[in-house]
Every structure is written in structure tokens, then in C-alpha cells.
Amino acid sequence: MAAAPSPSPLAPLPPALADAVRDDASLRRFLHGLPGVDQVGVEQRAAGLATRSIKKASKMWAIDTAISMVDLTTLEGADTAGKVRSLAAKARRPDPDRPEVPRVAAVCVYPDMVATAKKELDGTGVHIASVATAFPSGRSIMAVKLADTRHAVEEGADEIDMVIDRGAFLSGNYGAVFDEIRQVKEACGDAHLKVILETGELATYDNVRRASWLALLAGGDFIKTSTGKVSPAATLPVTHVMLQAVRDWHEQTGELRGVKPAGGIRSTKDAIKYLVAVHEVAGPEWLTADLFRFGASTLLNDLLMQRRTQVDGHYSGPDYVTVD
């Protein structure tokens, strides 16, 4: 599996984008000057791409690629060190009987579980991701959010999944959201930053586009759909809009930034739909764990079952894979 991308430095932006973040008024003008999203068009394209079929050889490649992109996640109040150790074992060796199955991209946990994950995964190539900034609501003071982030990094997280202040965003206080992301980015140090937009609360595709650009302007290495705690979570049309944003960002800056849909993606069939969208909307260079992830807790089991079906020629069923 490829290494994690280097964190995007807080480097000078191209002149047009630097002007956009000069002050609150400029940021508002830029975000509201973005082209509007054609709701019917994006939904029709997402539905059309979702009907694409792929041949058996391509399906095997797609399954292995999807496995390598999974951020295997447990974010429950009842999480224990034992559960995290079990999840880490599965991340290292998703199918114990088949060593050729790729490792997942990362294990994603709460900050207080990072040390346990680090102990189990150090040197394996599986990354340790931690949610932070008062996940999932984001409702806390900035000092607490930054302390949350620094603690996770100090414990061994090399990826931070932060949540934006949706209240500030929906109130039009874009400068506050920008400053918050920028401060968290700085607190990440060498860890790279995924910015959770919580698209289910943003209401419109135009807001998703604005939030995506806001996160990219502030230095987010990835933009992520959801916490998984709000419905709807990831959807194909929303992911299309976010993929368009990172594609357009690359065209303007030359930088590659990633996308992570999270929440509600449970089947191999759904994962393949997302991979088709990545290829067609952003481009084939995004078909890597460096630039695309699935935030999931149950998707991996279905991928493993479908992989066995491809190899063995018959359906194995859930009894042949480890239970999360």
C-alpha cells in the first residue's frame, strides 16, 4: 500500500486564491462566486455512472483497491482497548487465510484509543487516524479542539479527522471556519488533516461545494463527507461535488488533495460505484489510498466475502470472515 501523502504545507496560494482569503469579505465573495451546482445534472450523472458494469478481472482489481482504501473505523462510546486491538489485527491481515489480500489504509479511533492502535500497528504500513475537535458535534471552545488534536498526534496519530463548525458555516461566518481549520492544520504538525464537512447538515449541493473549497483553501489534505452520526451520510451526488472540487483545485494549484466518503457505504457494489465516480469525475490518479478513502466499519467484511467469491467461484458467506 502506498504511503500516506505528505501533509500539504501552509504554502502561498496562487494569486487568485490568495486574494480570496485576504479577509472575510473576500472569502465570502469567492465562495458565493463559485458556479452553482446543477442539482438535477449531478444527480443524473451520479445515477448514470452507478449503472456501469465491470468485467470479472476488473472487479477483482476494484475489490482489492477498495480494501486498500478502507479507514477501518470504530467510534462508539463502548469502545475498549480489546476492540481496538481486534480491529488492528483485522487491518493488518483482513483475511487471515489469504495473505495476498491487501492491508487497509488506516484504523480510525477516538483520541484516547490512539496509543493502543499505535502499539498494534507501528511499522505495519497501516496508518492511525484519530477524530478530533470535539467529534462529532464540534461544539467546544477552540482551546479544547486544539488540545484534542495535539493529544491525538502526541499519542501517535498520523492522520486527524476534524469536524467543522457547521453552525458557523451555515450562519455565513466563513472566516471563523477558515481560521479554525487553519489552526487545527498547524496543530497537526506532521500528521495530515481530513476535514469533515458533515454534508447531511449542509442542506444544499452549493453549500457542499463552498464548504469543500473553504476546507481546501484552509489547508485540508482531504475533504470528508460525514461523521457517520448524521443521516444522510455519504451519497454519490455529494461525493461527485467534492470530487469536482479537488479536481478543480488541482487544475488551479497543481496540488492533489483527497476525498473521503464516510457513513452508509456497506457493500462491494456500492464501493465500486464510488470507484467509478472517482475515475470519471476526478480522474484515475485519484484511484489510490493517498487520495481516496472509505470511512467504514462494515464494508470490509462484504469486500472480503465478494473477493472469496471471485477467487473460489462460489459464495462463502459471513462465517468465513472475522467479525468486527
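The shown structure was predicted, so the numbers you read here are calculated from the model rather than taken from an experiment.

A. How the structure looks around the overall build of the chain. When helices and strands are tallied, the chain shows 13 helices and 8 strands. Computed over C-alpha atoms, the radius of gyration of the chain comes to 19 Å, within 12% of the 20 Å expected from 2.2 N^0.38 for 324 residues, which places it in the range of a compact globule. For the chain, the proportion of its 324 residues judged to be buried stands at 54%. Put simply, 76% of the contacts in the chain that link residues at least 6 apart link residues at least 24 apart. With an accessible surface of roughly 13100 Å², the chain has 51% of that area assigned to carbon and sulfur atoms. Put simply, the chain has 37 plus and 41 minus side-chain charges, and the middle of one group is 4 Å from the middle of the other.

B. Inspection of the packing of helix α9 (residues 174-187) against helix α10 (residues 205-218) at higher detail. Their axes nearest at 8 Å, the elements α9 and α10 cross at an angle of 45 degrees. In terms of axis orientation, α9 runs oblique to α10. Crossing geometry of α9 relative to α10 is assigned as right-handed. Taken together, the residues of α10 that come into contact with α9 (itself represented by Y174, V177, F178, I181, R182 and K185) are R210, L214, A215, L217 and A218.

C. Structural detail: the layout of surface pockets. In this structure, the largest pocket occupies an estimated 470 Å³ of space. Every residue lining the largest pocket is counted, 23 residues in all, and those nearest its centre are T73, E76, G228, A296 and S297. Its residues assigned to classes, the lining of the largest pocket comprises 7 nonpolar, 9 polar and 7 charged.

D. The side chain of Q310, seen in detail. Within the element layout of this structure, Q310 appears in helix α13 (residues 299-312). Not counting residues within four places of it along the chain, the set of residues in contact with Q310 comprises K56, K59, M60 and I63.

E. Spatial organisation of the packing of helix α2 (residues 24-32) against α10. Interhelical geometry of α2 versus α10 gives an angle of 135 degrees and a closest axis separation of 9 Å. In terms of axis orientation, α2 runs oblique to α10. Between α2 and α10 lies a crossing whose hand is right-handed. Of the residues in α10, those in contact with L27, F30, L31 and H32 of α2 are R210, W213, L214 and L217.

F. Just the pattern of salt bridges, in detail. Summed over all chains, the structure comprises 27 salt bridges. Residues E180 and K145 are paired through a salt bridge, measuring 2.7 Å at the closest nitrogen-oxygen approach. With a gap of 35 residues between them, E180 in helix α9 and K145 in helix α7 (residues 142-155) connect regions that are remote in the sequence. The pair formed by E180 and K145 is uniform in burial state, with each residue classed as buried. It is possible to trace a salt-bridge network through shared partners that takes in D71, E159, D161, K194, K224, K260 and R293.

G. Representation of helix α6 (residues 114-121) in the model. Of the residues making up α6, those classed as buried are V114, T116, A117 and L121. Along α6, the residues classed as buried sweep out an arc of 160 degrees about the axis, all on the same side. Elements that come into contact with the buried residues of α6 comprise α5 (81-92), β2 (106-109), β3 (127-132) and α7. Once α6 ends, the next one or two residues include G123, with phi positive near 85 degrees.

H. Focus on the environment of I181. Along the polypeptide, I181 turns up in helix α9. On the accessibility criterion, I181 (1% relative accessible area) is buried. Note: C-alpha distance between I181 and I128 (53 residues apart in sequence) is 20 Å. What I181 contacts, discounting residues up to four positions off in sequence, is M162, I164, L193, V195, A215 and A218.

I. Fine view of the packing of aromatic side chains. Evaluated as defined, the whole model comprises 6 aromatic pairs. Taken together, a centroid distance of 5.9 Å and an interplanar angle of 75 degrees make the contact between Y110 and F135 edge-to-face. Of this pair, Y110 sits in the loop between β2 and α6 while F135 sits in the loop between β3 and α7, and the two are 25 residues apart along the sequence. The class for F135 is buried, based on a relative accessible area of 10%. By way of ring pairs, the aromatic residues F30, W213 and W249 are connected into one cluster.

J. Seen up close, α10. If you check α10, its first and last C-alpha atoms are 20 Å apart, about what 14 residues at 1.5 Å a residue would give, namely 20 Å. Burial runs high along α10: 13 of the 14 residues are buried. Positive phi shows up at G219, right after α10, with a value of about 110 degrees.

K. Layout of the pairing of strand β1 (residues 70-73). Residues of β1 alternate between two faces, with V70 and L72 on one and D71 and T73 on the opposite face, all of them buried. Here 3 bridges tie β1 to strand β8 (residues 294-296), and the two strands are oriented parallel to one another. Across the sheet, residue L72 finds its bridge partner in β8, namely A296. Bridge analysis of β1 against β2 gives 3 bridges, and the strand direction is parallel. For L72, the partnering residue across the bridge sits in β2 and is V107. Handedness of the β-α-β unit built from β1, α5 and β2 comes out right-handed.

What counts and what doesn't
Residues numbered from 1 in each chain as written. Predicted model: local features only at pLDDT ≥ 70, side-chain atom pairs only at ≥ 80, totals over all residues. Heavy atoms only, no water. Helix = DSSP H or I, 4+ residues; strand = E, 2+ residues; numbered from the N terminus. Rg over C-alpha atoms; globule rule 2.2 N^0.38 Å. Buried < 20%, exposed > 50% of the residue type's maximum accessible area, 1.4 Å probe, protein only. Contact = heavy atoms within 4.5 Å. Areas by Shrake-Rupley, 256 points an atom, 1.4 Å probe, with all protein chains shown as cover. Lys, Arg positive; Asp, Glu negative; His and termini not counted. Charge placed at Lys NZ, Arg CZ, Asp CG, Glu CD. Axes fitted to C-alpha atoms, helices over the stretch in contact; angles between N-to-C directions. Parallel < 35°, antiparallel > 145°, perpendicular 65-115°, else oblique. Left-handed = near helix turned anticlockwise from the far one by under 90°. 1 Å grid on protein atoms, 1.4 Å probe; cavity = no way out; pocket = protein on both sides within 12 Å on 5 of 7 lines; lining within 4 Å. Points joined across faces, edges and corners; volume = space filled by probe spheres on them. Nonpolar A, V, L, I, M, F, W, Y, C, P; charged D, E, K, R; others polar. Salt bridge = Lys/Arg side-chain N within 4 Å of Asp/Glu carboxyl O. Arc of directions from axis to C-beta. Phe/Tyr/Trp six-rings, centres within 6.5 Å; stacked < 30°, edge-to-face > 60°. Expected span 1.5 Å × (residues − 1). Pairing = 2+ DSSP bridges. Right-handed = clockwise from strand over helix to strand, strands pointing away.

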